Amino acid sequence: MDNGGVTKVSDGTLRRRPAQRRSQERVERMLDECARLLDEVGYDGLTTKEVARRANVPIGTFYQFFPDKQGLVRALGLRNLDAFLDRVTARLAGRRLKSWTEAVDILVDEFVDMKHTMPGFGVMDFGEVLVTPGGPGLRGTERMLDGRRENNFVVADRVRALAVEVLGAPASPELDRAIVVAVEAADAVLKLAFRVDPQGDPALIAECKRLVRRYLEDYAS
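Residues numbered from 1 in each chain as written. Predicted model: local features only at pLDDT ≥ 70, side-chain atom pairs only at ≥ 80, totals over all residues. Heavy atoms only, no water.

Description of helix H5 (residues 103–117)
For the α-helix, the turn length of 3.6 residues means that residues three or four positions removed from each other point alike.
Reasoning step 1: Along its 15 residues, H5 runs 21 Å from first to last C-alpha, staying within 8% of the 21 Å computed at 1.5 Å per residue.
Reasoning step 2: Looking at the buried residues of H5, the elements they touch are helix H4 (69–92), helix H6 (121–124), helix H7 (151–165), helix H8 (173–196) and helix H9 (202–216). (Helix = DSSP H or I, 4+ residues; strand = E, 2+ residues; numbered from the N terminus. Expected span 1.5 Å × (residues − 1). Contact = heavy atoms within 4.5 Å.)

Let's talk about the packing of H5 against H9
Reasoning step 1: As a packed pair, H5 and H9 sit with axes 9 Å apart at the nearest point and diverge in direction by 145 degrees. The crossing of H5 and H9 is right-handed. On H9, the residues touching Val104, Asp105, Val108, Asp109 and Val112 of H5 are Ile205, Cys208, Lys209, Val212, Arg213 and Leu216. (Axes fitted to C-alpha atoms, helices over the stretch in contact; angles between N-to-C directions. Left-handed = near helix turned anticlockwise from the far one by under 90°.)

What about the packing of aromatic side chains?
Reasoning step 1: For the structure shown, the criterion picks out seven aromatic pairs.
Reasoning step 2: An angle of 55 degrees between the planes, with centres 5.3 Å apart, marks the rings of phenylalanine 84 and phenylalanine 126 as tilted. Linking phenylalanine 84 in helix H4 with phenylalanine 126 in the loop between H6 and H7, this pair joins segments that are 42 residues apart in sequence.
Reasoning step 3: A residue is classified by how much of its surface remains accessible, and phenylalanine 84, at 5% relative accessible area, is buried.
Reasoning step 4: Three or more aromatic residues link up through ring pairs in this structure, and these residues are Phe84, Phe111, Phe121 and Phe126.
Reasoning step 5: A cation sits over an aromatic face here: lysine 69 above tyrosine 43, 4.2 Å from the ring centre.
Reasoning step 6: A cation over a ring is seen here: lysine 115 above phenylalanine 194, with NZ or CZ 5.7 Å from the ring centre. (Phe/Tyr/Trp six-rings, centres within 6.5 Å; stacked < 30°, edge-to-face > 60°. Buried < 20%, exposed > 50% of the residue type's maximum accessible area, 1.4 Å probe, protein only. Lys NZ or Arg CZ within 6 Å of the ring centre and 35° of its normal.)

Section: the pattern of salt bridges
Reasoning step 1: Enumeration over the complete set of coordinates arrives at 18 salt bridges.
Reasoning step 2: Between aspartate 32 and arginine 79 there is a salt bridge, and its shortest N-O distance comes to 2.8 Å. One end of the pair, aspartate 32, is in helix H1 (residues 21–45); the other, arginine 79, is in helix H4, and 47 residues separate them in sequence.
Reasoning step 3: Residue class for aspartate 32 comes out partly exposed when judged on its relative accessible area of 28%.
Reasoning step 4: Owing to a relative accessible area of 7%, arginine 79 belongs among the buried residues under this scheme.
Reasoning step 5: Here lysine 191 makes a salt bridge to aspartate 187, at a shortest N to O gap of 2.6 Å. With lysine 191 and aspartate 187 both in helix H8 and four residues apart, the pair spans about one turn of that helix.
Reasoning step 6: Residue lysine 191 is classed as partly exposed on the basis of its relative accessible area, which comes to 23%.
Reasoning step 7: Within the structure, one salt-bridge network assembled from shared partners comprises Glu33, Arg36, Glu40 and Arg54. (Salt bridge = Lys/Arg side-chain N within 4 Å of Asp/Glu carboxyl O.)

Laid out in structure tokens, this is it:
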């Protein structure tokens with residue numbers, strides 16, 4: 001989420017882009033309060049009225065920027081994804097890797113750390129809301145980031161750009177497909193790790209790294 005404290009969200013996520021510093025700060029406060037409320041009451045208990053109240057903005061101001069609760073959570077998911085990639089890129093800076101696939105450990109470690117430390121991330125990470133068991137839930141959360149594509153395809157696109165542009169992975173349609181599979185596999189194993197242990201089962205996290213690294217090694221040259 002770096003960028004001078006301004007949320008990086010794609011076109012179409014906000015009803016209008018905050019042009020003035022005051023508006024930017026209001027959007028950031030609403031996203032911050034959304035994240036905190038997700039930890040406190042979950043997605044089902046989250047309301048636009050309470051987000052606006054806690055962010056100290058009029059409810060009309062909320063709807064100037066976000067169409068509804070799902071739009072707010074989508075913007076938070078995109079902010080989380082930006083923050084994740086920024087953190088990974090910062091850790092990679094200056095490091096000499098024998099193969100770009102060694103970055104898998106850093107990607108997994110940063111994801112796990114954000115689960116532990118970033119408000120709201122344990123509930124929805126990049127936009128897929130983990131609903132309360134037995135609750136009404138949210139249909140279609142697999143499209144929370146984009147509205148048209150499954151979340152893991154959006155995440156895979158961003159990870160592929162990192163691999164090719166920062167780490168020098170060889171671009172190809174085969175690599176594109178492999179990264180989608182790797183993201184899907186990592187997502188499944190990490191979900192399992194956090195179901196087994198709310199802090200993330202260390203053995204399963206280690207297996208996730210090993211699984212994805214070995215799979216991607218076939219595409220390393």
